[in-house]
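A closer look at the structure
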Amino acid sequence: MNLTQPSKLERYAAAVDAMREEGRRWGRRSRAGVDFASSDYLALASAPRMKEALFATLKAGTPIGAGGSRLLRGNCEEHEALETEAARFFRAETALFFGSGYIANFAVLTTLPQRGDLLVLDSLVHASLHEGARVGRAEFRIAAHNDPQSVEDTIGNWRAKGGVGRVWIVVESLYSIDGDLAALADLVEIAKRYEAFLVVDESHATGIYGEQGRGLTAPYQGREYILVVHTCGKALGAAGALVTASSVLRDFMINRCRPFIFATAPSPLMAIAVRQALLIVQEEPERRRRLIDLINFAHRQLAICGRPTRSSSQIVPYRVGNNARTMRLAAALQARGFDVRTIRPPVPPSRARLRISLTLNVEPDDVSEMIDALVEETWGKLR
Ligand SMILES: Cc1ncc(COP(=O)(O)O)c(C=O)c1O
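In what follows, the accompanying structure is described. What you see is a predicted model; the values in this text were computed from it and never measured.

**A look at a negative patch on the surface**
- A cluster of acidic side chains, namely E363, D365, E369 and D372, defines a negative patch on the protein surface.
- Considering the arrangement of structural elements, one finds D372 in helix α13 (residues 364-381).

In structure tokens form, the structure reads like this:
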């Protein structure tokens, strides 16, 4: 044994120390203050109807755990009922339930694109999509953010260099960092022109946007080249993700998708919760209306205060442009009772910002008070 070797933990400790010094170290901050940070957009995570559905199903004897993979004994009637209902709601041919959005995105990109294919990812898609592209079989390229022309140029260049496989365009419908909307109509046209697949992560749109909250892909659902990931841990207030796709792709995933095959199925209770959330979204449209009113109110207030944002959604980026100032501003707001969180590295420091999230867990008065505090802390003490 070499006694001069550093301790096994030393390099990890050094990395954490370096993160602390550069203002990049994260800790786990517990919930405190008014919610301007969660993605529980429709306040379904603690809605009485959700809880009642779970109490009733537990009382009726539904097990807590699935007890196995979907391909073994873990396939429960609750999963299948959810998938049938989700396919009907989203007007897709089929839906497949995964344990989380991260896994669903990773699963789609590591299972469906084949060797010789090309993935074109918007530069700001979620980490799980980048990870799936990195690990999967196809080549991948990054297109400029929300720039259909860049997507088209990327495909054109690849084809010009002899790329002959299938192209997969990968985007979010509502981007989780800047709260901006994808140019879906243009991307659909490009997908048609190049006979490509279009994979759309609807995490932040599902339940809120599109007819009846079906997402921004609602007008295009059911087309065989559209594949959509609807996560269930945000506006739907539960956990998991529903991948909607043609039955051919669904069957291929059931047979080839390793994260689907070699994992314990999601809890049947979660399937019940998601199904209840889909019902609430359909039966209580006032929730979506109240959220949209709140979003419009917040953007108006910010504009009045001289801080308009480019977002028009419930995700409100408030650029600060420097890590330390961003952290100080968040800490000042948190001290005043507003749970506002930051987006910091790995985004470049110049893009450091507060990411204010609007949900039905707050009232318009809370929004006004938070914006007053934000403006005061930005222009007052912190300048
Ligand atoms: C755009 C986007 N996609 C996917 C995910 C992952 O979803 P989940 O939290 O269900 O794993 C998130 C969550 O943070 C997200 O914001």
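**A closer look at the nonpolar core**
- Judged by nonpolar contacts, the single largest core of 56 residues is most densely connected at F36, L242, L354, I356, V367 and L374.
- Those elements that place two or more of their residues in this core are α3 (77-90), β2 (94-98), α10 (268-283), α11 (285-304), β9 (315-319), α12 (323-335), β12 (353-357) and α13.
- Among the elements that line this core, the one with the most residues is α10, at seven residues.
- Per-domain counts for this core show at least three residues from each of domain 1 (32-46 + 285-379) and domain 2 (62-283).
- Each residue touching L374, except ones within four places of it in the same chain, is listed here: L302, Y318, L329, L333, L354 and I356.
- Core analysis: the second largest hydrophobic core is formed by 49 residues, L118, L119, W168 and A241 among them.

**Remarks on helix α2 (residues 48-59)**
- When the terminal C-alpha atoms of α2 are compared, their 16 Å separation across twelve residues agrees well with the 16 Å that a helix rising 1.5 Å per residue should span.
- One or two steps after α2, the chain reaches G61, where phi turns positive at roughly 100 degrees.

**Things to note about the pairing of strand β5 (residues 167-172)**
- A large share of β5 lies buried, amounting to six of its six residues.
- Alignment of strand β3 (residues 118-122) against β5, held across four bridges, turns out to be parallel. Note on β5: the bridge partner recorded for L121 is V170.
- Pairing of β5 with strand β6 (residues 197-201), which is carried by five bridges, proceeds in the parallel orientation. Bridging from a neighbouring strand, W168 pairs with F197 of β6.
- Handedness of the crossover joining β5 and β6 through helix α7 (residues 184-193) is recorded here as right-handed.

**Observations concerning the sheet that holds β3**
- Across the sheet, which stays open at both edges, the seven strands sit in the order β2-β8-β7-β6-β5-β3-β4 with mixed pairing between neighbours. At either margin of the open sheet sits one strand with a lone partner, and together these are β2 and β4 (139-143). With strand direction ignored, the average angle separating the axes of adjacent strands in the sheet is 20 degrees.
- As paired strands, strand β7 (residues 226-231) and strand β8 (residues 241-245) are joined by four bridges and run antiparallel to one another. Bridge pairing links T231 to A241 in β8.

**Quick word on the layout of surface pockets**
- Approximately 230 Å³ is the volume attributed to the second largest pocket.
- Residue lining of the second largest pocket: H145, D178, D180, R307, P308, T309, R310, S311, P317, Y318, R319 and R351, and that is the complete set.
- The class makeup of the residues in the lining of the second largest pocket is three nonpolar, three polar and six charged.

**Quick word on a positive patch on the surface**
- Taken together, the side chains of R115, R137, R256 and R258 present a region of like positive charge at the surface.
- Inspection of the secondary structure assignment puts R256 in helix α8 (residues 247-256).
- Its relative accessible area of 54% is what places R256 among the exposed residues.

**Points about the packing of α2 against α10**
- Orientation of α2 relative to α10, taken along the N-to-C sense of each, is 140 degrees, at an axis distance of 9 Å. Classed by the angle they form, the pair α2 and α10 counts as oblique. Of the two elements, α2 crosses α10, and the hand of that crossing is right-handed. Counted together, R49, M50, A53, L54, T57 and L58 of α2 and L269, I272, A273, Q276, A277, L279, I280 and E283 of α10 form the full contact between these two elements.
- A class-by-class count of the residues in the contact of α2 with α10 yields ten nonpolar, two polar and two charged.

**Considering the packing of aromatic side chains**
- According to the stated counting rule, one finds four aromatic pairs in the structure shown.
- Measuring from ring centre to ring centre gives 4.1 Å for W168 and F197, while their planes differ by 20 degrees; the resulting arrangement is stacked. Residue W168 is found in strand β5, and its partner F197 is found in strand β6; the two are separated by 29 residues along the sequence. For the pair W168 and F197, one class covers both residues: buried.
- Directly above the aromatic system of Y318 lies the positively charged group of R307, at a separation of 4.1 Å from the ring centroid.

**Digging into the pattern of salt bridges**
- A full pass over the atoms with the stated rule returns 19 salt bridges.
- Two residues, D339 and R29, come together in a salt bridge whose shortest N-O distance is 3.3 Å. With D339 in strand β10 (residues 338-339) and R29 in the loop between α1 (10-21) and β1 (34-35), the pair connects residues that are 310 residues apart, well separated along the chain.
- Given a relative accessible area of 38%, R29 falls into the partly exposed group.
- Among the salt bridges present, the one from R250 reaches D251, with a minimum N-O distance of 2.8 Å.
- Since its relative accessible area comes to 24%, R250 is described here as partly exposed.
- Several salt bridges converge on common partners, so that one network encompasses R49, E283, E284 and R287.

**Comments concerning the sheet that holds β9**
- Here three strands make up an open sheet; going across it, the order is β9-β12-β11 and the pairing antiparallel. Edge positions in the sheet fall to β9 and β11 (341-343), since each has one partner strand and no second. Across the sheet, the mean angle separating the axes of adjacent strands is 35 degrees when strand polarity is ignored.
- Bridge count between β9 and β12: five bridges; the pairing is antiparallel.

Thresholds, definitions, all that
- Residues numbered from 1 in each chain as written.
- Predicted model: local features only at pLDDT ≥ 70, side-chain atom pairs only at ≥ 80, totals over all residues.
- Heavy atoms only, no water.
- Patch = residues over 30% accessible without salt bridge, like charges linked within 9 Å, V, L, I, M, F, W, Y side chains within 5 Å.
- Areas by Shrake-Rupley, 256 points an atom, 1.4 Å probe, with all protein chains shown as cover.
- Salt bridge = Lys/Arg side-chain N within 4 Å of Asp/Glu carboxyl O.
- Lys, Arg positive; Asp, Glu negative; His and termini not counted.
- Charge placed at Lys NZ, Arg CZ, Asp CG, Glu CD.
- Helix = DSSP H or I, 4+ residues; strand = E, 2+ residues; numbered from the N terminus.
- Core = buried A, V, L, I, M, F, W, Y, C linked by side-chain atoms within 4.5 Å.
- Buried < 20%, exposed > 50% of the residue type's maximum accessible area, 1.4 Å probe, protein only.
- Domains from an automatic or database assignment.
- Contact = heavy atoms within 4.5 Å.
- Expected span 1.5 Å × (residues − 1).
- Pairing = 2+ DSSP bridges.
- Right-handed = clockwise from strand over helix to strand, strands pointing away.
- Axes fitted to C-alpha atoms, helices over the stretch in contact; angles between N-to-C directions.
- 1 Å grid on protein atoms, 1.4 Å probe; cavity = no way out; pocket = protein on both sides within 12 Å on 5 of 7 lines; lining within 4 Å.
- Points joined across faces, edges and corners; volume = space filled by probe spheres on them.
- Nonpolar A, V, L, I, M, F, W, Y, C, P; charged D, E, K, R; others polar.
- Parallel < 35°, antiparallel > 145°, perpendicular 65-115°, else oblique.
- Left-handed = near helix turned anticlockwise from the far one by under 90°.
- Phe/Tyr/Trp six-rings, centres within 6.5 Å; stacked < 30°, edge-to-face > 60°.
- Lys NZ or Arg CZ within 6 Å of the ring centre and 35° of its normal.

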